[in-house]
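Descriptive analysis of the structure
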Amino acid sequence: MLWIEGYSIMKKAPINKIIYFSNVDGPGNRTSIFFQGCSFHCHFCHNPETISLCQNCGRCVPQCPAKALRMEGRQVVWEEAKCVQCDTCIHVCQLFASPRVSWLTVEELLSRINRALPYIEGITTSGGDCTLYPDFLKELFSRMHQAGKTCLIDANGAYDFSKDSALLSVCDGIMLDVKAVLPAWHQWLIGQAPDPVLRNLDFLLAQHKLQEVRTVILPGQEEENKATVQYVAHRIQDACDYKIIRYRPFGVKEAYQKELGEMETAVEEAEAYVRLAQSLGASRAYMV
Ligand code: SF4
Ligand code: SF4
């Protein structure tokens, strides 16, 4: 068994997807690594199949047209080489999971992204929510820093960063989702209270570790959108980017599309929130 700084690298984390070259997940050209599993259950999640871990129920196995799935004992096995990425399995799954997950050690993950290293500025870990695996991240980031690469975390805000100085010391910045600030609205939208996210917002600002904050603007939800944008803008000012994201129904589970609306947020509506944020001092607000 190999050890790095006294830590076993035989520990594994579930990796849903790797995008080797991305220019939308932080500065420069980056490799984005999507972890499986999330402690939130957001109605507007664009990757709802990353929320849960597969429970090996087997329901998706006979539906796979490419025979890329099989049961081995009580476990679903996915053969990546056979998979034609048709997404049938994730539509079949009722548990917000996916069988297309690879449990990798840090060493195995590094061997996959190694070939991209000469061409990237760094990596961004995302999900799901990658902060479910903080020890894995610490190992991964330490190795990336040794290779001269920067490391960003795309976080849902549930993890208490104030209690993990070791993680912060090897992380170059956090991209934090602040989806809502009104408690009832956050509870409905995400399934939990906003308090941990808002504590992280203040803590990470004080630590100069905020890379960016993101808020999804839902169409027609004026009171909630306004409250969130005002709250964030007052706090961050020009300390970091503020990404105002238009809601788009693509990828959102059908049942939630019915609740949230099947229309995307109009450009003009989102632009009005960018102007609001900028007028309150968040000079780095922009729309995507
Ligand atoms: S991905 Fe979903 S449907 Fe397929 S085996 Fe896992 S839990 Fe069952
Ligand atoms: S995406 Fe799922 S259902 Fe489609 S080929 Fe791959 S494993 Fe099979």
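Calculation notes
Residues numbered from 1 in each chain as written. Chains lettered and ligands numbered in written order. Predicted model: local features only at pLDDT ≥ 70, side-chain atom pairs only at ≥ 80, totals over all residues. Heavy atoms only, no water. Domains from an automatic or database assignment. Contact = heavy atoms within 4.5 Å. Salt bridge = Lys/Arg side-chain N within 4 Å of Asp/Glu carboxyl O. Polar contact = N/O pair within 3.5 Å; in protein donor to acceptor, adjacent residues only side chain to side chain. Helix = DSSP H or I, 4+ residues; strand = E, 2+ residues; numbered from the N terminus. Nonpolar A, V, L, I, M, F, W, Y, C, P; charged D, E, K, R; others polar. Core = buried A, V, L, I, M, F, W, Y, C linked by side-chain atoms within 4.5 Å. Buried < 20%, exposed > 50% of the residue type's maximum accessible area, 1.4 Å probe, protein only. Near = heavy atom within 4 Å. 1 Å grid on protein atoms, 1.4 Å probe; cavity = no way out; pocket = protein on both sides within 12 Å on 5 of 7 lines; lining within 4 Å. Sits in = over half its atoms within 2 Å of the grid points. Phe/Tyr/Trp six-rings, centres within 6.5 Å; stacked < 30°, edge-to-face > 60°.

Some words on the domain arrangement of the protein chain
Annotation of the protein chain at the domain level lists domain 1 (11–53 + 101–177) and domain 2 (178–288). Listed by partner, the interface residues are 28 residues for domain 1 and 31 residues for domain 2. Along the contact surface separating domain 1 from domain 2 lie three salt bridges. The partner of Arg-214 in a salt bridge is Asp-154, and the shortest N-O contact between them spans 2.5 Å. Connecting domain 1 to domain 2 are 18 residue pairs in polar contact (both at pLDDT 80 or more). Elements represented by at least two residues in the side of domain 1 that touches domain 2 include exactly strand S9 (150–155) and strand S10 (173–177). Its residues assigned to classes, the side of domain 1 that touches domain 2 shows 16 nonpolar, eight polar and four charged.

Thoughts on the nonpolar core
In terms of nonpolar packing, the biggest core is built from 72 residues, with Phe-141, Ile-153, Ile-236 and Tyr-242 touching the most fellow members. Counting residues domain by domain, this core receives three or more from each of domain 1 (11–53 + 101–177) and domain 2 (178–288). In this structure Ile-153 touches Thr-125, Cys-130, Thr-131, Leu-137, Phe-141, Phe-161, Leu-167, Cys-171, Gly-173, Ile-174 and Met-175, once residues within four positions along its chain are discounted. Core analysis: the next-biggest nonpolar cluster, separate from the first, contains 11 residues, Cys-60, Val-76, Trp-78 and Ile-90 among them.

Remarks on the site of ligand 1
Ligand 1 sits among Cys-54, Gln-55, Asn-56, Cys-57, Gly-58, Arg-59, Cys-60, Val-76, Cys-93, Leu-95, Ser-98 and Pro-99. With respect to the pocket detection grid, ligand 1 is positioned in the largest cavity. Residues that form the shell around ligand 1 fall into these classes: seven nonpolar, four polar and one charged.

What to know about the site of ligand 2
Cys-64, Cys-83, Cys-86, Asp-87 and Cys-89 are the nearest of the 13 residues found near ligand 2. When atom positions are compared with the pocket grids, ligand 2 is found to occupy the second largest cavity. Class assignment for the residues of the shell around ligand 2 results in nine nonpolar, two polar and two charged.

Some remarks on the packing of aromatic side chains
Taken as a whole and judged by the stated rule, the model has five aromatic pairs. Residues Phe-21 and Tyr-119 carry aromatic rings whose centres are separated by 6.3 Å and whose planes lie at 75° to one another, so their mutual orientation is edge-to-face. Placement of Phe-21 in strand S3 (residues 12–22) and of Tyr-119 in the loop between helix H2 (106–113) and strand S8 (122–126) is noted, with a sequence separation of 98 residues between them. Tyr-119 gets classed as exposed once you look at its relative accessible area, which sits at 56%. Within the aromatic cluster, the residues linked to one another by ring pairs are Phe-35, Tyr-133 and Phe-136.

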